[in-house]
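Each chain, written out:
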Amino acid sequence: MLGFRRRRRKTARAQRRRRWLGLSTRRRPSAVRRRRRLVRLIFGLIALLGLGALATGFFLGGCSVLPGGWSEITPPWAESPREQYVRSLEEAGLAATALGQAWLTAGRRALERPVDVQPPYRETVFFDPAEPDATGFRFDLRRGQRLVVEVTAEGEETTQDGAPERRPGPPSRRFVDLFAAARTPVGEPRRLTWSEDARRLERTIREEGSVLLRLQPELLTGGRYTVTVQVEPSLVFPVEGKDSDAVGSFFGDPRDGGRRRHRGVDIFAPRGTPALAAADGRVLRVGTNRLGGQTVWVYAEGLGLTFYYARLDRQDVERGERLRAGEPVGRIGNTGNARSTPPHLHFGVFDGRALDPWPFLHRPPGEPPELAVDPSRLGAWWRTVEAGAPLRT
């Protein structure tokens, strides 16, 4: 009896599958069969469109729109200028030559044995045209920081805004690439982006960790190159006339006797100081609560981030309003549970979880140090006069 029931259940399941696939032995009117096929076709198209949308979101997930409206997109299938150059060497049969292999090996070695530096940083390097070579730098960055790299060749000048300007003459071709360092000893660096003109590279960091910067001139070229690495905030500072020196309480500080942690930073300023939009976005919510007092939530679509403004004395925006970076959101106060503290803005950054706003807002102090030696000496032989003189090859 038990075996009979099992066979009945198995037969029923098989019949349901056959009916869904249109293979049922029971004849149905042709109109019914056509209607079922149409419904399945519609659902299939909807599923395909949904998968396409997910794939588009995945590939464009690396797109970030900065406060000024500048976008950076690095599609996985795109070729960097160096990869295009390597392909041209392979097509010409030069990649298999001793010179081509030495050049490719130098590029790999620069990523395997980089020099550890800390921004802001400046160095002048020399490449002998007769010896294929490359140089690599490794430094740690935090999410929210903006990396700015400038590479200036000998004979180039910089404009007033810091951008390199080439003098008339043959172009000095080199390749500047940025990688995420491997997280394991056997891992491979992951390409992040590159510089199209090999003079300036900018990148907003979307994940914390070490990055690798590689500079390599093309075959049979060289010279002296000055590399400058700086880190900047990626957001407009949210309090008018202030900078990160005005931050008096930090992310993770204990609250309520250690029962909870601070999920933002407190920026102190006189009452009534304008609180500013940190990036282009749209107002999600304007409200009041016990802890934050008068609050505003702003969503920056291009960054995928939500900004939380609390302790406001006045709210100057409405729900759904579009904001440009630097426009006022409200006025600073001490509403909520901060009546006993001086006026300040509680500023939070969220992407589904709370992020530390400090790297998004802080500009590391200092400028890249000036070179302590004459760059013209690079590439020549010199005798050291003191034992223990610091040298690096």
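Summary of the structure given here.

Reading the values: rules and limits
Residues numbered from 1 in each chain as written. Predicted model: local features only at pLDDT ≥ 70, side-chain atom pairs only at ≥ 80, totals over all residues. Heavy atoms only, no water. Buried < 20%, exposed > 50% of the residue type's maximum accessible area, 1.4 Å probe, protein only. Helix = DSSP H or I, 4+ residues; strand = E, 2+ residues; numbered from the N terminus. Pairing = 2+ DSSP bridges. Axes fitted to C-alpha atoms, helices over the stretch in contact; angles between N-to-C directions. Core = buried A, V, L, I, M, F, W, Y, C linked by side-chain atoms within 4.5 Å. Contact = heavy atoms within 4.5 Å.

## Considering the pairing of strand β12 (residues 209-217)
- The buried count for β12 comes to seven of nine residues, which makes it a mostly enclosed element.
- As judged from the seven bridges shared by strand β5 (residues 135-141) and β12, these two strands associate in the antiparallel manner. Note on β12: the bridge partner recorded for Gly-136 is Arg-214.
- In this sheet, β12 lies alongside strand β9 (residues 174-180) in antiparallel orientation, the contact comprising seven bridges. The residue of β12 that forms the bridge with Phe-179 is Leu-212.

## Some words on the sheet that holds strand β4 (residues 121-127)
- Spatially, four strands are ordered β4-β13-β6-β11 in an open sheet, and the strand pairing comes out antiparallel. Each having just a single partner strand, β4 and β11 (200-204) make up the two edges of the open sheet. Adjacent strand axes in the sheet meet at a mean angle of 15°, parallel and antiparallel pairs treated alike.
- Note: strand β6 (residues 145-153) against strand β13 (residues 223-233), nine bridges, orientation antiparallel. From the neighbouring strand, Glu-150 faces β13, where its bridge partner is Thr-228.

## Observations regarding the nonpolar core
- Within the largest apolar cluster, 31 residues are counted, with the highest numbers of intra-cluster contacts made by Ile-267, Phe-307, Tyr-309 and Phe-347.
- When residues of this core are traced back to their parent elements, those giving at least two are β17 (265-268), β20 (293-300), β21 (305-315), β23 (328-332), β24 (344-350) and α5 (358-361).
- Those residues within four positions of Ile-267 in sequence are excluded, and the remaining contacts are Phe-237, Pro-238, Val-239, Ala-246, Val-247, His-344, Leu-345, Phe-347 and Leu-361.
- Counting residues in each nonpolar core, the second largest holds 26 residues, with Val-151, Val-176, Ile-205 and Val-211 among its members.

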